[in-house]
Structures are given as C-alpha cells and as structure tokens.
Amino acid sequence: MTRRQRMNVYFEPGLLKQVEALAERRKVSKSAVIEAAVLSLVSGEDDTRRDAALSKRLDRLGRRIDDVDEAVAVLGEAFALYTHVWMMRQLPIPANENEAARDRAADMYARFNEVLVRRLAKGQRFLNERVRDVTGRKEADTGT
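The following paragraphs examine the structure supplied in this document. These figures come from a predicted structure and were not determined experimentally. (Residues numbered from 1 in each chain as written. Predicted model: local features only at pLDDT ≥ 70, side-chain atom pairs only at ≥ 80, totals over all residues. Heavy atoms only, no water.)

### A word on the overall build of the protein chain
The helix and strand inventory of the protein chain stands at five helices and zero strands. For the protein chain, the N- to C-terminal ordering of α and β elements is α-α-α-α-α. Within the protein chain, the fraction of its 144 residues that count as buried is 10%. Within the protein chain, contacts between residues separated by at least 24 positions form 54% of all contacts whose residues are at least 6 apart in sequence. Roughly 13,000 Å² of accessible area belongs to the protein chain as shown, and the carbon and sulfur atoms make up 58% of that amount. (Helix = DSSP H or I, 4+ residues; strand = E, 2+ residues; numbered from the N terminus. Buried < 20%, exposed > 50% of the residue type's maximum accessible area, 1.4 Å probe, protein only. Contact = heavy atoms within 4.5 Å. Areas by Shrake-Rupley, 256 points an atom, 1.4 Å probe, with all protein chains shown as cover.)

Take a look at the structure:
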C-alpha cells in the first residue's frame, strides 16, 4: 500500500468556499475534491473529450453554413434571372389578351426554372460573375 504525501496549497477565499461546498454536496473530503480535479487536469481526459465535442460542433456548424451558402446561391440566381427576364419582357398587355398572357407567363416560368437549374448545375453564380466584372474593371482602371 502506497502512502499518501502531504502538500500545502493556497486558494483564494471564493474558490475555497466553492471547494468546500462541492465536498459537502458530494459527501467527500476537500482533499478528495482537489485530488480529483488535479488528476483530471494531469490525465488530459477532459481535454480529449472537450476536443472531440468541439470538433463535432464545428463539423455540424460547417454543414449548416454549407446549406445556407447553397440556399443563398439559389436565391441569388433566382432573383438575378427573374430581374433579367422581367426587364427584358416588360410590355403592356391589352385587356383582350389576358388568357394568352397567362399561358405565355406559365411558359416563361417553366423556362426560367430550367435555366436556373442548368446554371446551378454548372456552378455558375451571378454574384461571382459580378464580382469578377467589378474587379476586372478596377484592374483595367488602375492599369495592373
């Protein structure tokens, strides 16, 4: 049987009160509480557990960010295409041609969806194209 060795340590009064309260709640000595805390710190078990939990949370957040990025890309593409088509097709419709206009609008909407899906499948992004246009213009203006 190994004999325990004595060690004197000093604590701030607030921390000592917390140790005493924990020891009282768990019905153990203050020495046992401090020994368990030191053993946990030295063994590194908590570090491994904490690192694993943090890694899991970061992975989950990364997946959520990817989902949000994809949703924003789809919305950006849809809005860009809608705006483009709307600006190109803004014509007054005579009252006697409402039915034909509805049919044409349904056809245009179907084509809009096809173009949107095609652009997203190719990885084309309206916002990225605009950023490249702007940076290209700035480089041309500065002569670099």
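### Overview of a positive patch on the surface
A cluster of basic side chains, namely Lys56, Arg57, Arg60, Arg63 and Arg64, defines a positive patch on the protein surface. Tracing the chain through its elements places Arg63 in helix α3 (residues 45-88). (Patch = residues over 30% accessible without salt bridge, like charges linked within 9 Å, V, L, I, M, F, W, Y side chains within 5 Å. Salt bridge = Lys/Arg side-chain N within 4 Å of Asp/Glu carboxyl O. Lys, Arg positive; Asp, Glu negative; His and termini not counted. Charge placed at Lys NZ, Arg CZ, Asp CG, Glu CD.)

### Here we look at a nonpolar patch on the surface
A contiguous nonpolar patch, built from Met7, Val9, Phe11, Leu15 and Leu16 and spanning about 440 Å² of accessible area, is present on the exposed surface. Looking at the element boundaries, Leu15 is found in helix α1 (residues 13-26).

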